[in-house]
Amino acid sequence: MSPLDDPSVRPLRVAVLGAGIVGIEVLRLLQEEREDLAQRVGAPLEVIGISVRDRGKDRGEHVDPSLLTEDAEALVREADLVVELMGGIEPARTLLLEAMRGGASVVTANKALLAQDGVELYEAADAAGVDLHFEAAVAGAIPLVRPIRESLAGDRIQRVLGIVNGTTNYILDAMTRTGADFAAALARAQELGYAEADPTADVEGLDAAAKASILASLAFHTRVGIQDVHVEGITSVSADDIAAAHRLGRVIKLLSIVERIDDGVEAGGERVSARVYPAMIPLSHPLASVAEAYNAVFVEADAAGSLMFYGQGAGGAPTASAVLGDLVSVARQRMHGGKGPRESHYAELPIVPIEELRSGFYVALTVADQPGVLAAVAGILSSHGISIATIHQEPLVEGPEAGAVHAERAEGSPSRDPRARIGIVTHVASESSMSTALDDLSTTAAVVTIDSVLRVEGE
Ligand code: NAP
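What comes next concerns the included structure. (Residues numbered from 1 in each chain as written. Predicted model: local features only at pLDDT ≥ 70, side-chain atom pairs only at ≥ 80, totals over all residues. Heavy atoms only, no water.)

### Concerning unusual backbone geometry
Okay, so step 1: A cis amide bond, omega 10°, links glutamate 90 with the succeeding residue proline 91.
Okay, so step 2: The backbone of alanine 139 sits at a positive phi, close to 60°, despite the residue not being glycine.
Okay, so step 3: Its place among the elements puts alanine 139 in the loop between strand S6 (132–133) and helix H6 (145–151).
Okay, so step 4: At histidine 221, a position not held by glycine, the phi torsion is positive, near 55°.
Okay, so step 5: With respect to the helices and strands, the residue histidine 221 is situated in the loop between helix H10 (206–220) and strand S8 (230–231). (Helix = DSSP H or I, 4+ residues; strand = E, 2+ residues; numbered from the N terminus.)

### Concerning the pairing of strand S9 (residues 250–262)
Okay, so step 1: Counting buried residues in S9 gives twelve out of 13 residues, a clear majority hidden from the surface.
Okay, so step 2: The pairing of strand S7 (residues 157–163) with S9 spans four bridges and is classified as antiparallel. What sits directly across from glycine 162, in S9, is serine 256.
Okay, so step 3: Direction of pairing for S9 relative to strand S10 (residues 270–282): antiparallel, over a ladder of 13 bridges. Residue pairing in the sheet places arginine 260 in a bridge with valine 272 of S10. (Buried < 20%, exposed > 50% of the residue type's maximum accessible area, 1.4 Å probe, protein only. Pairing = 2+ DSSP bridges.)

### A short note on the pairing of strand S2 (residues 45–51)
Okay, so step 1: S2 sits mainly inside the fold: five of its seven residues count as buried.
Okay, so step 2: Where strand S1 (residues 12–17) meets S2, six bridges bridge the pair, whose relative direction is parallel. Bridge pairing in S2 links leucine 17 to serine 51.
Okay, so step 3: Pairing geometry for S2 and strand S3 (residues 68–69), over two bridges, is parallel. Bridge pairing in S3 links isoleucine 50 to leucine 68.

Below you can see the structure in the form of structure tokens.
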């Protein structure tokens, strides 16, 4: 007999907080898959209320208006399971804490909240003996949290590297395909609904950083907060950078990289790095072909080797799939007793400062077009222990785009003309060496402007 028809089975009371892009799709699936979900869980999932800000808004056929409420606090008190799809820090944080203290298990898609207040939430879940699941918070539909937290719990993860923000991937992909500059590609992404009216969290890398902090904490069994993630967004990636990458057989992607770094006991032993920045990667790299708003993530573990996860990292229905997966999981725990995985943070690994990290670099310089300039530039890089992999002349950039990083002109430096632009790709060097080399380059008479500096990864 279906649990829907069995009067001895008490339905599980589900509170849904938020009926926006994701919430509406979750409510649709709860309705359309009602029978199957009840069979999978062993009890019906009954939505007892939907909390929103404005009850007057039209939300379509899958949202029962009689369930809408603006009193989220009262709603969570009545629930066995709470699904938080409001976003933001407050009131989501307080509501989830209250829900767990009251004995409800919680599913959330809220990466910003987890990255900022995850520790408090995990502790509240443990104290109350309830579950806190958040598959949808990282890379939308792509199963990534559960594989890292459960499937790879017996392995040793070394690195997680990927594209976890669909908006910025859409923008960079559009810039690559059409030659558009950042502002035009962003405007198009906004028109098509891939970017929000306020795109700051995406284009400044903050959304990707929140996901990196969650991934690093899970992968390395340690606590990595959003403040531990080095973040650079894509706002200064220019059409010239994209064109330069193309000439070099590369493409620019916003990468989230979290990795275990072990430089030996004297250097501090095992540590963790978490960073988000745009980087050039070779066209042959599997992440290079991740187009539009798709996400892709590599996980490298000692025994498992390399695993790749690919799919839709956002959108109502894909994200709702991950939310429903979590909801079934916490509902089953509720039915059959027991608790899902707790937070694991025993490793307590220190964070590696960005200055100590190493990568290849691409540096574009506008220089005085005169003999000896290349030797002077190479000499400065070499004096900081940086060796050049390739150097080539690039089309000169005129107008306001030239000189993203303006050099301090030394007194008596030569006139700006004639000029040339050069693109240099270095071998792997430390961030601190590159930083001091750039300082020296910026005060060298032959260097007119430092136009661009990007990491080169995935060689
Ligand atoms: P959304 O479209 O903005 O919907 C938010 C919903 O929450 C709205 O229904 C809103 O009510 C309600 N809400 C907001 N603040 C509230 C408050 N103070 N009290 C009561 N209700 C409130 O957001 P979304 O895109 O569905 O995202 C929801 C969550 O999923 C966020 O944490 C987001 O980061 C995460 N997520 C989204 C995606 C995606 O593709 N959209 C992907 C992965 C994860 P009103 O409708 O009345 O304004």
